[in-house]
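# Structural description and commentary
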Amino acid sequence: MPVSIAAIAMIVRRLVRLFALVPLTLAALILSPVPNGATQEGPAAAVEGTRAIEADMPLSALLGLFVARSPQQIADTLASLDRNWSDGYYAPLIEITGFTSNNRLRVAIFELLEKRSGESLGTDFHDWFQWLWNQPEAITADFDGFKSLLYRVVDPRFERYFAGRQQTAEIRLDEIRWGGVVQDGIPPLRSPLMMPAAEADYLDDSNIVFGLEINGDARAYPKRILAWHEMFTDTVGGVEVAGVYCTLCGTVIPYVTRVDGQSYTLGTSGFLYRSNKLMYDAATQSLWSTMRGVPVVGPLVGQGVVLPSLAIVTTTWGDWKRRHPDTTVLSLETGHRRDYGEGVAYRRYFATDDLMFNTPFADDRLANKQEVLGLRFAGAPEDQLAIDTAFLAANPVYRDAVGFQPVAILTDTSGANRVYDPAGVTLTDYDGEALATDSEGTAWQVAEEALIAPDGRRLERLPAHRAFWFGWHAAFPQTRLVQ
């Protein structure tokens, strides 16, 4: 989700026009007081100890920095904030530095941040965000109001993401970053046109695809197309599905979107959490975790809604169509004008190990964008496993467990990983193509939905997906790593 300089400039101009009309003492923007030390705890907080704190300055004073016309106005406003300092000011001030084009204001804010924190982090707001996220969360009692007012200028629909949402948030609101686009500014493919494999002459056998099969309906979603859209919604094998691709963190996860009789229409929110895209649902405008398939901010939080994830495989087009000659594949006729050439989308991002949006953590056991196979199951929510795909390529049969769930992972000659429930069977060998052999000498046919024995027994496929190491670790910092 690259942030365009032109887009930032346009938004700043709109902010200036808006806040020039807003009296700095507007009562509707004054922070609602709560008792000092009141807590609001969320399971995804980077550190223990969340505090919602009372602020002595109105929210409008912070937003008024956008319309300060002179160095003296900036100095007076920041001096007033300094005299009435609250640790809850760190988050909005850092966020303002990412929006303003006024370099004098940016420098003055960073000087105040250094004075109050005792840190010497310079003028890179990414560094300041990383510092902030490693402190106990301390946000003003109306920080959600700040974010809703700030971002509704970008897209009026953003207001519903934040207004009045502070008490429902399961993640830190100060970790929710704007990705540089409006709602569905990266347009999902809804009921996209598919074509038979034989007609897909735009694809080379070496092109990367994400393969999905449900109830015998095999479909391929080329990375070169999906990277421009980051989501598809469709009915596959009679199942309503949303396939979510976070290009920044390297994950593709298909979710079942009809649960307990309720269908959820998902889209791209325009915001990120720890460099992982947040989804939204059309009905409630709740924000959803891509990694976990659950609402994390908004009316659906706490309602017990969990979208089941499905198995998917990252492989080559040549290998997928050989295994599934009846597969369909995305057509280039998407209704959008894009350069769908292999490797075009996010070319510079994928070419280096650098991040576009940082996270609270740094873990150099693997390179940031080294791919891992990530496993987690509802029955053991506190257990997560990441396995280096280079390790799996060298170990075509790998056995492990996540919580109480044993897993058998087969890696074929193309490097694609498939995970199965061994159900007491010990797999020992894999030919890298069609057959896996167990310790009793039984040869199991390798299929997308299960391993199938000659006598009809099945070892069912388990959901798993690839991710960049930094993205998986950011979502699950306590994960176990196999490398």
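The coordinates are above.
In this report, we go over the structure that sits alongside the text. (Residues numbered from 1 in each chain as written. Predicted model: local features only at pLDDT ≥ 70, side-chain atom pairs only at ≥ 80, totals over all residues. Heavy atoms only, no water.)

## Some remarks on the sheet that holds strand 8 (residues 231-236)
Under the convention used in this document: Here a strand pair is declared whenever DSSP counts at least two bridges between the two strands. Numbering of helices and strands runs from the N terminus; a helix is a DSSP stretch of H or I covering at least four residues, while a strand is a stretch of E covering at least two.
What the four strands build is an open sheet, ordered 4-8-9-10; its pairing is mixed. Both edges of this open sheet fall to strand 4 (189-190) and strand 10 (251-256), since each of them pairs with a single strand only. Bridging between strand 8 and strand 9 (residues 239-246) involves six bridges; their strand directions are antiparallel. Considered in strand 9, the bridge of Thr233 is made with Ala242.

## Considering the nonpolar core
For clarity, the threshold we go by: In this text, buried Ala, Val, Leu, Ile, Met, Phe, Trp, Tyr and Cys residues form a nonpolar core when linked through side-chain atoms within 4.5 Å. For every residue, the accessible area (1.4 Å probe, protein chains only) is compared with the maximum for its type, and the residue is labelled buried under 20%, exposed over 50%, or partly exposed between those bounds. Any two residues whose heavy atoms approach within 4.5 Å at even a single point are treated as in contact.
In this structure, Leu78, Leu93, Tyr151, Ile176 and Phe271 are the most contacted members of the largest nonpolar core, which totals 52 residues. Apart from the residues lying within four places of it in its own chain, the contact partners of Leu93 are Leu62, Leu65, Leu78, Leu81, Trp85, Ile109, Leu112 and Leu113. In this structure, Phe210, Ala220, Val241 and Leu330 belong to the second largest nonpolar core, which totals 51 residues.

## A closer look at helix 3 (residues 71-83)
This is how the line gets drawn: Under the convention used throughout, the expected extent of a helix is 1.5 Å for every residue step, that is, one less than its residue count.
Between its first and last C-alpha atoms helix 3 spans 18 Å; for 13 residues at 1.5 Å apiece the expected length is 18 Å, and the two agree. The set of residues buried in helix 3 consists of Ile74, Thr77, Leu78, Ser80, Leu81 and Asp82.

## Some remarks on the pattern of salt bridges
Selection criterion: Salt bridge, as used here, is a side-chain nitrogen of Lys or Arg placed within 4 Å of a carboxyl oxygen of Asp or Glu.
Under the defined criterion, the tally for this structure stands at 25 salt bridges. Measuring nitrogen to oxygen at the nearest pair gives 2.8 Å for the salt bridge that ties Arg466 to Glu371. Of this pair, Arg466 sits in strand 29 (residues 465-468) while Glu371 sits in strand 19 (residues 371-375), and the two are 95 residues apart along the sequence. Look at Glu371 and you get partly exposed, because its relative accessible area is 24%. Residues Arg480 and Asp400 are paired through a salt bridge, measuring 3.0 Å at the closest nitrogen-oxygen approach. Here Arg480, found in strand 30 (residues 480-482), pairs with Asp400, found in strand 21 (residues 397-402); they are 80 residues apart in sequence, far enough to count as distant. For Asp400, a relative accessible area of 18% puts it in the buried group.

## Structural notes on the pairing of strand 26 (residues 443-446)
Only one face of strand 26 is buried: it carries Trp444 and Val446, and the other face, with Ala443 and Gln445, is open. Relative to strand 26, strand 25 (residues 435-438) runs antiparallel, the two being bridged by three bridges. Along strand 26, the bridge assignment pairs Thr437 with Ala443. Counting the residues in the hairpin turn of strand 25 and strand 26 gives four residues, including Gly441, whose phi is positive at 90°. One ladder, built from two bridges, connects strand 26 with strand 27 (residues 450-452); its direction is antiparallel.

## Things to note about the packing of aromatic side chains
Note the cut-off: Centres within 6.5 Å make a pair out of two Phe, Tyr or Trp rings, where for Trp the six-membered ring is used; the pair is then stacked when the planes are under 30 degrees apart, edge-to-face when over 60, and tilted otherwise. Here, over-ring charges are defined by two tests on the NZ atom of lysine or the CZ atom of arginine: distance to the ring centre within 6 Å, and angle to the ring normal within 35 degrees.
A full pass over the atoms with the stated rule returns 28 aromatic pairs. Ring centres 5.1 Å apart and planes at 85° place the aromatic pair Tyr151 and Phe271 in the edge-to-face group. Residue Tyr151 is found in helix 7 (residues 143-152), and its partner Phe271 is found in strand 13 (residues 266-273); the two are separated by 120 residues along the sequence. With a centroid separation of 5.8 Å and 85° between ring planes, the pair formed by Tyr161 and Phe271 is classed as edge-to-face. With Tyr161 in helix 8 (residues 159-162) and Phe271 in strand 13, this residue pair connects regions lying 110 residues apart in the sequence. In this pair, the class of Tyr161 matches that of Phe271, namely buried. Put simply, the rings of Phe99, Tyr151, Phe158, Tyr161, Phe162, Trp178, Phe271 and Tyr280 pair up and form one aromatic cluster. A cation sits over an aromatic face here: Lys223 above Phe350, 4.4 Å from the ring centre. Positioned over the ring face of Tyr349 is Lys369, at 3.5 Å from the centre of the ring.

## Description of the environment of Phe350
Its place among the elements puts Phe350 in helix 11 (residues 347-351). For Phe350, a relative accessible area of 26% puts it in the partly exposed group. Measuring from C-alpha to C-alpha, the distance between Phe350 and Gly250 comes to 9.5 Å, with 100 residues separating the pair along the chain.

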